[in-house]
Amino acid sequence: MKNCVRQAFRSNSTLRGAWSQNYLQRPGEGQLKNVTVLPGDGIGPEITRSVMQVFDALHVPIKFDVLDNFNFDNDEQRSLLKKNECILLGVMTEKNQKYTDNYRFYKYLDLYANITFAFSVEGIKQRHNNTDIVVIRENTEGEYSGVEHEVYPGVVESIKVTTKQASLRIAEYAFEFAHLSGRKKVTAVHKANIMKLVDGLFLSAHREVAQKYPFIKYEEMIIDNCCMQLVKNPTQFDVMVMPNLYGSIVQNVVAGITGGVGMAAGASIGRDHALFSQGCRHTGRDIAGKNIVNPSALLVSSSLLLRHLGLPNFADQICSAVQETIQDRKLKTKDIGGKASTEQFTKEVIKCLGK
Amino acid sequence: MNIIRKASSTILRPQFNFQKVILFPGDGIGPEISKAVIDIFDAAKVPIDWEFHEIHKKRVTEQGDLITEETLKQVKALKYALKGPFETPIGKGYRSINVTLRKRLQLFANVRPCKSIKGVKTPYPGVDVVTIRENTEGEYSGLEHEVVPGVVENLKIVSYNACQNIAQYAFEYARANNRKQVVACHKAGVMKQGDGLFLKVCDDVAKNYPEIQFNEEQIDTMAFKLANDPTKIDVMVMPNLYGDIVSDLCAGLIGGLGLTASGNIGKDCEVYEAVHGTAPDIAGKNLANPTALLLSGIMMLKAMKLNDQAQRIENATYSVLEEAKYLTGDLGGKSTTTDYTKAIIDKL
């Protein structure tokens, strides 16, 4: 399957033969698994509630450890994060900060690969069709090192750090992902013509790893040309891998050219933990509490969580149900051109389950 | 004979003070598209005398510049220059031409207006945005070093003066061009001091322009808005790297670099340029599209306050593009450069 997530949207649900609906589990794999849930702020609680309701309806063998009012600066609460392997995240913000990005959070759990799935969804009006892009973003260093100082009054230095180790492991993850998902091409996005050392190091790591995967096409593209190509001809892209800041920008561009931030699912993967969230880190403060947020992004992301835990049938059912709600039942939230509330949408998804 | 010529030159053209402007034709398709622009400007009776300057293939200064000191002095003296596409030779020892011009002429602002062109079909109709990019510092300061083997650092410099210059320019531009809104793009959530300084300066400058709405937006959210619905965006101002990315993104929204104008503004001089490549595969074949250089030239005319001629040429160009009878190959047509040029001249 090229993209099991996208494929599940229009799956052959009638063909029960060889589909992942039949999954031969190891005995006992159906036992309850614990998953940490961080609702967070803004629209976070609404979308995590939606996921938990859908999981409930499916009788998914998962027990949620909900961490409400989570404060990263509290040592005790912070150590609770490491308890379970999988975490479902709503929206995390830093207290009393106007703009946050929570890189400390990702660094703490060493979630070094931040992934966004953006694909054209049938039933939503989009400017480009047949887009199917996975953006893999290095999540722990680069411009987000947080190292800044005032050299002298009026002049500030921000330091972008790139290490060979981090570049190698993100390259490894990207190519491994492409390999295991049956994807054909990996594009490394950079600005090495200007930032010769830092992005040059990033590229050399990727060239090294590319050699181990001769059956996967590897190309490099400069970030400004990349953004231009994304809005002109996005079907040329498959898997894209890049450093932290470019990743942040490109994730948003790909969400913009497909169904929006309400549809783009995401995950952050590390060696010990896997976190599932929306693809773009928008806090949605302006629509919080109004019951209009689109829970699809987190629902699709929760299907990724289910696959990660070896529960693919439930994953397929959720994706199919979301697709059916949007395309066949034509029930959409405001961001994708409809009028349904979050609750209505969730109820409809639950009704479509098991079809 | 000489007396008559002298007399006629003072009688026939008493009010036409032809202004000298530097022209760098460029490599590849550069000479052809430059000729197209010259022909169109001539036909529109633009009072410009072009002074041709070359960019050399061998480095001419210690820093690896490809432009001579005399040329740079002349650009400052004449104030305006129009530049075609250039190839920087690959290899050590050469400084990119853009970097040379920018640094030596202190062109602190890069302005790229992107407006949807009727007749050029893109998935994004109704775009009318301007990207104003800080052009001298930020991530492009060229300060990198290896701390220990396997760990590299790049220094992004943000200075109060450069922020002040670019913010001031952005608001002046908005005021002069009747634009309603300026958005400052940043990543101050992550780079609290660096982009924080940029934001603060923009905020302070905005207070002097109460008629212009000032907003701030994180660069990633801005990228989303541009890819999702760019019709609501007006003027954007931002540091170097984000500006580089966003200006190319905007070019993609309206149809590509072949249709995009660009201006580099300094306190002493302004260099307008075509931002596309040299297209060596079609060079010399009369197939190139001169629109980008032409639109940049029109931007220059407006800056030189030759608004009448600028408007006439602009109307003619957009009219030809909208009719879509004479389009060059890159826009899906079959016309040659000369056909397209003639079509515009006919519309003047």
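Residues numbered from 1 in each chain as written. Chains lettered and ligands numbered in written order. Predicted model: local features only at pLDDT ≥ 70, side-chain atom pairs only at ≥ 80, totals over all residues. Heavy atoms only, no water.

**Description of the overall build of chain A**
When helices and strands are counted, chain A shows 11 helices and 12 strands. At 20 Å, chain A has a C-alpha radius of gyration in line with the 20 Å of a compact globule built from 355 residues. A principal-axis box enclosing the C-alpha atoms of chain A has dimensions of 60 × 45 × 45 Å. By the burial criterion, 62% of the 355 residues in chain A qualify as buried. Considering only contacts in chain A between residues 6 or more positions apart, those separated by 24 or more positions represent 74%. (Helix = DSSP H or I, 4+ residues; strand = E, 2+ residues; numbered from the N terminus. Rg over C-alpha atoms; globule rule 2.2 N^0.38 Å. Buried < 20%, exposed > 50% of the residue type's maximum accessible area, 1.4 Å probe, protein only. Contact = heavy atoms within 4.5 Å.)

**Quick look at the packing of helix H2 (residues 44–58) of chain A against helix H11 (residues 342–352) of chain A**
Residues and elements named next belong to chain A. With their axes 10 Å apart at the nearest point, H2 and H11 run at an angle of 20 degrees to one another. One element, H2, and the other, H11, form an angle in the roughly parallel class. Handedness of the H2/H11 crossing: right-handed. Taken together, the residues of H11 that come into contact with H2 (itself represented by Glu46, Ser50, Gln53, Val54 and Ala57) are Thr342, Thr346, Val349 and Ile350. Considered class by class, the residues forming the contact of H2 with H11 number four nonpolar, four polar and one charged. (Axes fitted to C-alpha atoms, helices over the stretch in contact; angles between N-to-C directions. Parallel < 35°, antiparallel > 145°, perpendicular 65-115°, else oblique. Left-handed = near helix turned anticlockwise from the far one by under 90°. Nonpolar A, V, L, I, M, F, W, Y, C, P; charged D, E, K, R; others polar.)

**Remarks on the interface of chain A and chain B**
Of the residues lining the interface, 51 residues belong to chain A; the matching set on chain B comes to 51 residues. Both faces considered, chain A and chain B share a buried interface measuring about 4,300 Å² in area, 64% of it formed by carbon and sulfur atoms. In this assembly, chain A and chain B are joined by two salt bridges. Residues Lys191 of chain A and Asp244 of chain B are paired through a salt bridge, measuring 2.7 Å at the closest nitrogen-oxygen approach. Connecting chain A to chain B are 18 residue pairs in polar contact (both at pLDDT 80 or more). Mapped by element, the contributors of at least two residues to the side of chain A that touches chain B are strand E6 (142–152), strand E7 (155–163), helix H6 (198–210), helix H7 (223–232) and helix H8 (244–257) of chain A. Broken down by class, the residue content of the side of chain A that touches chain B amounts to 23 nonpolar, 14 polar and 14 charged. Pairing geometry for E7 of chain A and strand E7 (residues 151–159) of chain B, over nine bridges, is antiparallel. The residue bridging Lys160 of chain A from the neighbouring strand is Asn154 of chain B, located in E7 of chain B. (Buried area = accessible area lost by both parts, 1.4 Å probe. Salt bridge = Lys/Arg side-chain N within 4 Å of Asp/Glu carboxyl O. Polar contact = N/O pair within 3.5 Å; in protein donor to acceptor, adjacent residues only side chain to side chain. Pairing = 2+ DSSP bridges.)

**Let's talk about the sheet that holds strand E6 (residues 144–148) of chain B**
As a general point, the strands of a sheet are linked pairwise by backbone hydrogen bonds and lie either parallel or antiparallel. Reading across the sheet, the four strands line up as E6(A)-E7(A)-E7(B)-E6(B) and stay open at both edges, with antiparallel pairing between neighbours. Each end of this open sheet is capped by a strand with a single partner; those strands are E6 of chain A together with E6 of chain B. Pairs of neighbouring strands in the sheet enclose a mean axial angle of 30 degrees, with direction left out of account. Where E6 of chain A lies against E7 of chain A, six bridges are found, and the strand directions are antiparallel. For Tyr152 of chain A, the partnering residue across the bridge sits in E7 of chain A and is Val155 of chain A. Those strands touched by H6 of chain A are E7 of chain A together with E6 and E7 of chain B, and its axis lies near 15 degrees from that of E7 of chain A. Here helix H6 (residues 194–206) of chain B sits on the sheet and contacts E6 and E7 of chain A together with E7 of chain B; the angle it forms with E7 of chain B, its principal contact strand, is near 15 degrees.

**Let's talk about the packing of aromatic side chains**
Scanning the entire structure with this criterion turns up 15 aromatic pairs over all chains. With 5.6 Å between their ring centres and 35 degrees between their planes, Phe55 of chain A and Phe64 of chain A make a pair best called tilted. The same class applies to Phe55 of chain A and to Phe64 of chain A, which are both buried. Taking 6.1 Å as the distance between ring centres and 85 degrees as the angle between the ring planes, the aromatic pair formed by Phe108 of chain B and Tyr169 of chain B counts as edge-to-face. Pair noted here: Phe108 of chain B is in strand E4 (residues 107–115) and Tyr169 of chain B is in helix H5 (residues 160–176), with a separation of 61 residues, a long-range link. Every member of this aromatic cluster is reached through a ring pair, and the members are Phe72, Phe105, Tyr106 and Tyr108 of chain A. Between the NZ or CZ atom of Arg78 of chain A and the centre of the ring of Tyr108 of chain A, over which it lies, the distance is 5.5 Å. Sitting above the plane of the Phe108 of chain B ring, Lys267 of chain B keeps its charged end 5.2 Å from the centroid. (Phe/Tyr/Trp six-rings, centres within 6.5 Å; stacked < 30°, edge-to-face > 60°. Lys NZ or Arg CZ within 6 Å of the ring centre and 35° of its normal.)

**What to know about the side chain of His190 of chain A**
Counting through the fold element by element, His190 of chain A comes out in strand E8 (residues 185–190). If we ignore the near neighbours within four places in the chain, the residues touching His190 of chain A are Asp199, Leu203, Glu220, Met221, Ile222, Ile223 and Tyr246 of chain A.

**Observations concerning helix H9 (residues 296–308) of chain A**
Residues and elements named next belong to chain A. Here H9 spans 18 Å end to end across 13 residues, near enough to the 18 Å set by a 1.5 Å rise per residue. Taken across its 13 residues, H9 has 11 buried, putting it largely inside the fold. Considered for burial, the residues of H9 that qualify are Ser296, Ala297, Leu298, Leu299, Val300, Ser301, Ser302, Ser303, Leu304, Leu305 and Leu306. Taken from the residues just after H9, Gly310 is the one with a positive phi, measuring 75 degrees. (Expected span 1.5 Å × (residues − 1).)

**Quick notes on the sheet that holds strand E3 (residues 86–91) of chain A**
All names here are of chain A. Read across the sheet, 10 strands follow the order E2-E1-E3-E12-E11-E4-E5-E10-E8-E9 without closing on themselves; strand pairing throughout is mixed. Strands with a single pairing partner mark the edges of an open sheet, and in this sheet they are strand E2 (62–66) and strand E9 (217–222). Each strand axis lies, on average, 25 degrees off the axis of its neighbour in the sheet, ignoring direction. Here seven bridges tie strand E4 (residues 113–119) to strand E5 (residues 132–138), and the two strands are oriented antiparallel to one another. Pairing of Ile115 across the sheet is with Ile136, part of E5. Packed onto the sheet, H9 meets strand E1 (33–40), E2, E3, E4, strand E11 (265–269) and strand E12 (274–278) and runs at close to 160 degrees relative to E12.

**Description of unusual backbone geometry**
Even without being glycine, Ala279 of chain B reaches a positive phi, approximately 45 degrees. Residue position: Ala279 of chain B is located in the loop between strand E12 (270–274) and helix H9 (291–303).

**A look at the nonpolar core**
One broad trend across soluble globular proteins is that nonpolar side chains are buried collectively. With 71 residues, the main nonpolar core has Phe41, Ile48, Trp50, Ile132, Val237, Met300 and Ile313 of chain B as its most contacted residues. When near neighbours in sequence (up to four residues on either side) are disregarded, Ile132 of chain B contacts Asn110, Val111, Ile166, Tyr169, Ala170, Tyr173, Val235, Met236, Val237 and Met238 of chain B. By size, the runner-up hydrophobic cluster in this structure holds 67 residues, among which are Cys86, Leu88, Val91 and Ala113 of chain A. (Core = buried A, V, L, I, M, F, W, Y, C linked by side-chain atoms within 4.5 Å.)

**Let's talk about the confidence of the model for chain B**
Low pLDDT means the predicted atomic positions in that stretch should not be read closely. Residue and element names in this part refer to chain B. Of the residues in chain B, 93% reach a pLDDT of 70 or more, and the chain-wide mean stands at 90. Taken together, the stretch residues 1–15 has pLDDT below 50 and engages in two contacts with residues farther than four places along the chain or on a different chain. Scoring of the predicted complex yields 0.91 for pTM and 0.91 for ipTM. (pLDDT = per-residue confidence, 0-100.)

**Things to note about H11 of chain A**
Residue and element names in this part refer to chain A. Every buried residue of H11 is accounted for by Thr342, Phe345, Thr346, Glu348, Val349 and Cys352. In a view along the axis of H11, the buried residues occupy a sector of 160 degrees, so they form one face of it. Of the residues in H11, the exposed ones pointing more than 90 degrees away from the buried face are Lys347 and Lys351. Its buried side turned inward, H11 meets H2, H9 and helix H10 (312–328). Among the residues trailing H11, Gly354 stands out with phi positive, at a value near 80 degrees. (Arc of directions from axis to C-beta.)

**Some remarks on the environment of Val271 of chain B**
All names here are of chain B. Tracing the backbone through its elements, the reader meets Val271 in strand E12. Along the backbone, Val271 and Ile22 are 249 residues apart, and their C-alpha atoms lie at a distance of 9.0 Å. Those residues in contact with Val271 that sit more than four places away from it in its chain are Val75, Ala81, Lys83, Leu101, Leu105, Leu107, Ser262, Gly263 and Asn264.

**A short note on the environment of Pro153 of chain A**
Tracing the backbone shows Pro153 of chain A in the loop between E6 and E7. Along the primary structure Pro153 of chain A and Ser50 of chain A are separated by 103 residues, whereas in three dimensions their C-alpha atoms are 50 Å apart.

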